[in-house]
Amino acid sequence: MKEDFLIESNHQIENAENVVNDTGDIIETTISDQHTYSEGLEIDVQESSYSSTVSEEDTLENVNSEVSLSTYEIIDDNTEICGVSLKGRQHTEDNEVCQDFHFFKDLGNGWHLYVVSDGAGSAKASHRGSKTNCEIASYFVKRMLDTNKWNEINYMPSEAEWYREFDSICRALKNFIEEKAESLDERLVAKDFNATLMLLLVTPNGMLSGHIGDGRMGYQNSNGDWFSIMTPHKGDEPNQTIFVLNAWDKVRVPAFRMSGVSVPEVRVIKDIPTAVVLITDGCENFCWNCVHLNIDTQRYEDRNTPFVGFLEPLIDTLNDTIRSEWMYTFDKSDTNREHRVLSEFIKFIDSKTEACRQEQDDRTMLLGLYRNNKISMNVKSSDIPAEQECVDYEV
């Protein structure tokens, strides 16, 4: 269970009325151009159910976990996006909802938006908070780009410029939820919607990442090397982190930091990816190199690197499935391909290794494949040594 990192504060919202008045139209805004959402879905913190594009009867006969949300998007003949949020086994046993959510949108001109959020286990409505974080943050990103035209002119901002924009997005998101929570006809307060936020913009010139809380983001470059692009905000106790609705935005001197990085943390990466991945912490045990003992210091440290021994075979499996289903013809309407690729993707995450099969937490992975950026498509995962003691891995 993810716990709240408490920051003692008497922080008051300033100019919240202006923020909400200025963005009030988003309540009527719909997301009808991404197939994981129903036509006319209102962006709000009201209760709503998740939708899935995968038919369990046809394609998920070997998946043990409940699929709360899935995403499959074909951008062109070399670019595809797969995403899934799986309900944790413990949540299924306790008849509770999945607290993760994810979102993807093609913004045009080669700009792609990835958003992932993980709700706090201690918050009563965190599943609604994670959904709201993804949808409202994506709205603010779109609004930012409508104004500064970065995607139209292919402008790559400096880290200072991107920090100012992402910090503003997070503050506006926080103020929005606090205002809306007060107006609900329910006995809920803002902190009941506690959830993290991870956001990645992939552009023709590189990537812009930003986050509040834990989770992991990484990418593979054209040489086949994998890198992390965030440092998760971790508290002093296990499973402790910070959320969008905590008081990270209070004025402090020196500025508030967590895990040695700012809150929010942003990065500007001037490298072209062949793959990008965002995960909630429920996926860490099987696809990321995390805590290890430093022999020299005798201290446990977070290596924070993608685990090649899991991610490369996953990508190979998806590519093999795509080749067999697609037969090298490009057809966005091929629903059989969509079902088969998502089925292999979900089964791999749910049960490929012993660590996958034993994981009790909700798991979300949002994966983007950019094959046209690869130097060679002939490199197989069997040629790449594993970096981690991945239990019971069967390639």
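Residues numbered from 1 in each chain as written. Predicted model: local features only at pLDDT ≥ 70, side-chain atom pairs only at ≥ 80, totals over all residues. Heavy atoms only, no water.

Quick word on the overall build of the chain
Now for step 1: Secondary structure summary: the chain contains ten helices and 17 strands in total.
Now for step 2: When burial is assessed residue by residue, the chain has 56% of its 395 residues classed as buried.
Now for step 3: Long-range pairs, those at least 24 residues apart, make up 72% of the contacts in the chain between residues at least 6 apart in sequence.
Now for step 4: Only carbon and sulfur atoms are counted for the fraction: they give 45% of the accessible area of the chain, which is about 17,200 Å². (Helix = DSSP H or I, 4+ residues; strand = E, 2+ residues; numbered from the N terminus. Buried < 20%, exposed > 50% of the residue type's maximum accessible area, 1.4 Å probe, protein only. Contact = heavy atoms within 4.5 Å. Areas by Shrake-Rupley, 256 points an atom, 1.4 Å probe, with all protein chains shown as cover.)

Considering the nonpolar core
Now for step 1: Of all hydrophobic cores here, the largest spans 45 residues; its most connected members are Val141, Trp162, Leu199 and Leu201.
Now for step 2: Sorting the residues of this core by element identifies β4 (100-108), β5 (111-118), α4 (126-148), α6 (159-183), β6 (197-203), β7 (206-212) and β13 (265-269) as the ones contributing at least two each. (Core = buried A, V, L, I, M, F, W, Y, C linked by side-chain atoms within 4.5 Å.)

A short note on the layout of surface pockets
Now for step 1: One number sums up the size of the largest pocket: a volume of about 830 Å³.
Now for step 2: Contributing to the lining of the largest pocket are 37 residues, with Lys234, Pro238, Asn239, Gln240 and Asp281 lying nearest its centre.
Now for step 3: Where the lining of the largest pocket is concerned, the elements lending two or more residues are α3 (89-93), α7 (284-287) and β16 (299-306).
Now for step 4: Among the elements that take part in the lining of the largest pocket, β16 stands out by supplying four residues, more than any other.
Now for step 5: The class makeup of the residues in the lining of the largest pocket is six nonpolar, 14 polar and 17 charged. (1 Å grid on protein atoms, 1.4 Å probe; cavity = no way out; pocket = protein on both sides within 12 Å on 5 of 7 lines; lining within 4 Å. Points joined across faces, edges and corners; volume = space filled by probe spheres on them. Nonpolar A, V, L, I, M, F, W, Y, C, P; charged D, E, K, R; others polar.)

Examining the packing of aromatic side chains
Now for step 1: By the definition in use, this model includes seven aromatic pairs.
Now for step 2: Here a set of aromatic residues connected by ring pairs shows up, and it is made of Phe286, Phe310 and Phe348.
Now for step 3: Arg252 extends its terminal NZ or CZ atom over the ring of Phe256, reaching a point 5.0 Å from the ring centre. (Phe/Tyr/Trp six-rings, centres within 6.5 Å; stacked < 30°, edge-to-face > 60°. Lys NZ or Arg CZ within 6 Å of the ring centre and 35° of its normal.)

Concerning the sheet that holds strand β14 (residues 275-279)
Now for step 1: A sheet is described by the order of its strands in space; here six strands give the open sequence β2-β3-β17-β14-β8-β9, paired in antiparallel fashion. Of all strands in the sheet, those bounded by a partner on one side alone are β2 (67-76) and β9 (226-228). The mean inter-strand angle of the sheet, taken between neighbouring strand axes irrespective of direction, is 10°.
Now for step 2: As judged from the eight bridges shared by strand β3 (residues 79-86) and strand β17 (residues 363-370), these two strands associate in the antiparallel manner. (Pairing = 2+ DSSP bridges. Axes fitted to C-alpha atoms, helices over the stretch in contact; angles between N-to-C directions.)

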